[in-house]
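# A closer look at the structure
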Amino acid sequence: MSDEGGFDPRYSPEFQRGYEPGSRGRTDEAPKSHSPSRVAPMPVAPVPDRVVHPADEPDQLDSVSAIDAGDAEGVPDGGSLAEPRPWRNPYLVSLAVIGPAMTIAGVTLFRWAVTQMYSGQISGGTSTTEEARADWIWVQVAWGIAPLLCIAGVLTVIGVVFFLATRWRPGSRTTVDASDELDA
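Residues numbered from 1 in each chain as written. Predicted model: local features only at pLDDT ≥ 70, side-chain atom pairs only at ≥ 80, totals over all residues. Heavy atoms only, no water.

Per the secondary structure count, the protein includes four helices and zero strands. Scanning the protein from its N terminus toward the C terminus, one meets helices and strands in the order α-α-α-α. Evaluated residue by residue, the protein yields a buried proportion of 10% over its 184 residues. Accessible surface computed for the protein: about 15,800 Å², of which carbon and sulfur atoms make up 60%. (Helix = DSSP H or I, 4+ residues; strand = E, 2+ residues; numbered from the N terminus. Buried < 20%, exposed > 50% of the residue type's maximum accessible area, 1.4 Å probe, protein only. Areas by Shrake-Rupley, 256 points an atom, 1.4 Å probe, with all protein chains shown as cover.)

Moving on: a nonpolar patch on the surface. A surface patch of nonpolar side chains, amounting to about 510 Å² of accessible area, comprises Trp-112, Ile-137, Trp-138, Val-141 and Ile-145. Looking at which element gives the most residues to the nonpolar patch, the answer is helix α3 (residues 129–167), with four residues. Following the sequence through the fold, Trp-138 ends up in helix α3. Accessibility expressed as a relative area gives 57% for Trp-138, which makes it exposed. (Patch = residues over 30% accessible without salt bridge, like charges linked within 9 Å, V, L, I, M, F, W, Y side chains within 5 Å. Salt bridge = Lys/Arg side-chain N within 4 Å of Asp/Glu carboxyl O.)

Attention now moves to the packing of aromatic side chains. For the structure shown, the criterion picks out two aromatic pairs. Seen from their ring centres, Phe-110 and Trp-143 are 5.5 Å apart, and the 55° between their planes marks the pair as tilted. Taken together, the positions of Phe-110 in helix α2 (residues 90–118) and Trp-143 in helix α3 put the pair 33 residues apart, joining distant regions of the chain. Given the relative accessible area of 32%, Phe-110 is considered partly exposed. The class of Trp-143 is partly exposed, set by a relative accessible area of 28%. (Phe/Tyr/Trp six-rings, centres within 6.5 Å; stacked < 30°, edge-to-face > 60°.)

Glancing now at α3. Look at α3: 57 Å from first C-alpha to last across 39 residues, which is about the 57 Å you get at 1.5 Å a residue. Bending of α3 peaks at approximately 25° at the position of Ile-145, with proline Pro-147 no more than four residues after it. Summarising the contacts, the buried residues of α3 are in contact with α2. (Expected span 1.5 Å × (residues − 1). Bend = angle between axes of the 7 residues up to and from the residue. Contact = heavy atoms within 4.5 Å.)

As a further point, take the pattern of salt bridges. Taken as a whole and judged by the stated rule, the model has two salt bridges. We note a salt bridge from Arg-10 to Asp-8, for which the minimum N-O separation is 2.8 Å. Its relative accessible area of 38% is what places Arg-10 among the partly exposed residues. Residue classification places Asp-8 among the buried positions, given a relative accessible area of 17%. Residue Glu-130 is joined to Arg-133 by a salt bridge in which the shortest nitrogen-to-oxygen separation is 3.8 Å. Linking Glu-130 with Arg-133, this pair stays in helix α3, spanning three residues, or about one helical turn. Judged on exposure class, the residue Glu-130 and its partner Arg-133 are both exposed.

When you line up the elements, Met-117 lands in helix α2. Classification of Met-117 as partly exposed rests on a relative accessible area of 26%. Spatially, the C-alpha atoms of Met-117 and Trp-143 are 9.7 Å apart, while their sequence positions differ by 26 residues. Once residues lying within four places of it in the same chain are set aside, the contact partners of Met-117 are Trp-136, Val-139, Gln-140 and Trp-143.

Following this line, the structure appears as structure tokens:
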């Protein structure tokens, strides 16, 4: 792939290693294009014209007029299909409900554990030693799970808000004419 000077003929010699100005001189001829053989792309079949059956024509006209009029659901007046609303996603709705529920459950569970711990209901009272141990275990479990529930709930709410913020598109703003304000 190289000629006598050790230069690659695909590229200009002045940009190759070992080139000395004046040794080869500039060539005014066009560089030889040595491109690797390429595989010809597959031929594309022509697209046939759309065949319209007379029975299908009235239904198509009705749907086209509905789209042009903007009566179809999810199709704005411009006739272009809009992106579906994020609140139609059942997973997003369930996350929006589960997030605050986990936060409230975590706070409630933590308050219950603190109340049981410091009100003396576990250590004192009419409970036996076996009942006090079982109550103590449940208080410790609640004490450990409650902060995790709160954190998971808050992070879920933040995730839903972040998702909605990334999907938000500014709507068209309506302008208020100054003459309309004076008439009111």
